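# Close look at the chain arrangement
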Amino acid sequence: MKVNNVMKFESPAEMSVAALSAMASYCLTTIRAKGRINIAVSGGSSPLGLFALLAKPANMALLPWSKVHLFWVDERFVPMDDEDNNFKVACDTFIRRSRIPEENIHCINTAYSSPAQAAMAYRSELESYFGPGIPCFDLILLGMGADGHTASLFPMAKSLQEKTLPVIDVPPPVSSEPKLPRITMTLPVINKAAKVFIIIAGAEKQHVVDFVLSHGSREIKYPLQLIENENLSWYISRQ
Ligand code: 6PG
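Residues numbered from 1 in each chain as written. Predicted model: local features only at pLDDT ≥ 70, side-chain atom pairs only at ≥ 80, totals over all residues. Heavy atoms only, no water.

### As for the overall build of the chain
Of regular secondary structure, the chain possesses seven helices and ten strands. Its C-alpha atoms give the chain a radius of gyration of 17 Å, near enough to 18 Å, the size a compact globule of 239 residues would have. In terms of principal-axis extent, the alpha carbons of the chain reach across some 45 × 40 × 35 Å. Per-residue burial for the chain yields a buried fraction of 56% across its 239 residues. Of the contacts formed within the chain by residues at least 6 apart in sequence, a portion of 76% connects residues at least 24 apart. Per element, the accessible surface of the chain, about 10,400 Å² overall, is 56% carbon and sulfur. Taken as two groups, the 23 positive and 23 negative side-chain charges of the chain have centres that lie 6 Å from each other. (Helix = DSSP H or I, 4+ residues; strand = E, 2+ residues; numbered from the N terminus. Rg over C-alpha atoms; globule rule 2.2 N^0.38 Å. Buried < 20%, exposed > 50% of the residue type's maximum accessible area, 1.4 Å probe, protein only. Contact = heavy atoms within 4.5 Å. Areas by Shrake-Rupley, 256 points an atom, 1.4 Å probe, with all protein chains shown as cover. Lys, Arg positive; Asp, Glu negative; His and termini not counted. Charge placed at Lys NZ, Arg CZ, Asp CG, Glu CD.)

What follows is the structure in structure tokens.
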């Protein structure tokens, strides 16, 4: 992992303002060049500040939503109206207030009988948008848990070895909440993205942040360190 573009902030609010402004200008540049942008977002608490800011009418107007395609980095295997569902949280915090057309929303459907089936269905969804193989996202927004996981790639998990599939199902984590089976994008997808924002807030995560930033790929202790993408930008809030 190469550590560069690290931006540190005193509060999640300041961090979200900076991340939103960088995200908006990156989106506009990409849309100008390619006619559209595809973004994969994470769940958990990390992106909430950014989502809330995005939901403000003045900020909503920053993006031409008909040209934005939204995907999910990972999902908890719970019904889509459950409070733990990442898609529901994104809908409640910003999607419902945006003008994003329904066909541009590519959520992970959890209405299948198993996480494995949901993962297979999402692989098909990605294949019909990107074509076969590992998809190349224009932008991926990641968080990090206090155990150093990112997406739903948890410490010591088999999922960290995945080389060919873009999306897999994983068992409930032992080191993080909520302890639910998940569907997650894999490291090859994160590594291939044109741009990755890593958004981390919380005093309880600072020891992991310090370790990761000072060690990079030396002495791998946390899943986040396995990311090999030259275009990372870090948004870190101490609180
Ligand atoms: C999830 C997430 C996950 C998240 C990290 C950080 O569904 O849990 O997508 O990858 O980004 O766990 O979570 P917090 O921001 O809640 O600490």
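There is more to say after this.
### Details of helix H7 (residues 206-215)
In an α-helix, one turn spans 3.6 residues, which is why side chains three or four residues apart end up on the same side. Within H7, seven of the ten residues are buried, leaving the element largely enclosed by the surrounding structure. Those residues of H7 that fall on the buried side of the exposure criterion are Gln206, Val208, Val209, Phe211, Val212, Leu213 and His215. Of the surrounding secondary structure, the elements contacted by the buried residues of H7 are strand E1 (6-9), strand E9 (196-201) and strand E10 (232-237). Positive backbone phi, approximately 55 degrees, marks Gly216, located one or two places after H7.

### Some remarks on the packing of aromatic side chains
Considering all chains together, one arrives at eleven aromatic pairs under this definition. With a centroid separation of 5.1 Å and an interplanar angle of 70 degrees, the aromatic rings of Phe71 and Tyr129 are classed as edge-to-face. With a gap of 58 residues between them, Phe71 in strand E3 (residues 68-72) and Tyr129 in helix H5 (residues 115-130) connect regions that are remote in the sequence. Looking at Phe71, the relative accessible area reads 0%, which means it is buried. Classification of Tyr129 by relative accessible area gives buried; the value is 18%. With a centroid separation of 5.2 Å and an interplanar angle of 85 degrees, the aromatic rings of Trp72 and Phe87 are classed as edge-to-face. Residue Trp72 is found in strand E3, and its partner Phe87 is found in helix H4 (residues 86-93); the two are separated by 15 residues along the sequence. By relative accessible area, Phe87 is classed as buried at 15%. An aromatic cluster is present here, built from Phe71, Tyr129, Phe130 and Phe137 joined pairwise through their rings. (Phe/Tyr/Trp six-rings, centres within 6.5 Å; stacked < 30°, edge-to-face > 60°.)

### Considering the nonpolar core
The tendency in soluble globular proteins is for nonpolar side chains to be buried as a group. Ile39, Trp72, Phe94, Ile95 and Trp234 are the most contacted members of the largest nonpolar core, which totals 76 residues. For this core, the leading source of residues is helix H1 (residues 12-34), giving seven residues. Discounting chain neighbours no more than four positions away, the residues touching Trp72 are Val41, Asn86, Phe87, Ala90, Ile95, Ile105, His106, Cys107, Ile108, Tyr122 and Met185. (Core = buried A, V, L, I, M, F, W, Y, C linked by side-chain atoms within 4.5 Å.)

### So, the sheet that holds E10
With parallel pairing, the seven strands of this open sheet are ordered in space as E1-E10-E9-E6-E2-E3-E5. The open sheet terminates on both sides in strands that have one partner only, identified here as E1 and strand E5 (105-106). Where E1 meets E10, four bridges bridge the pair, whose relative direction is parallel. The partner of Met7 across the bridge, within E10, is Tyr235. (Pairing = 2+ DSSP bridges.)

### Here's the deal with the state of the cysteines
Within the structure shown, the criterion is met by zero disulfides. No disulfide involves Cys27; its sulfur sits 15 Å from that of Cys136, the nearest cysteine. In this structure Cys27 comes out as buried when scored by relative accessible area, which is 0%. Cys107 provides the cysteine sulfur closest to Cys91, a residue in no disulfide bond, and the two sulfurs are 7.4 Å apart. Its relative accessible area of 11% is what places Cys91 among the buried residues. (Disulfide = S-S within 2.5 Å.)

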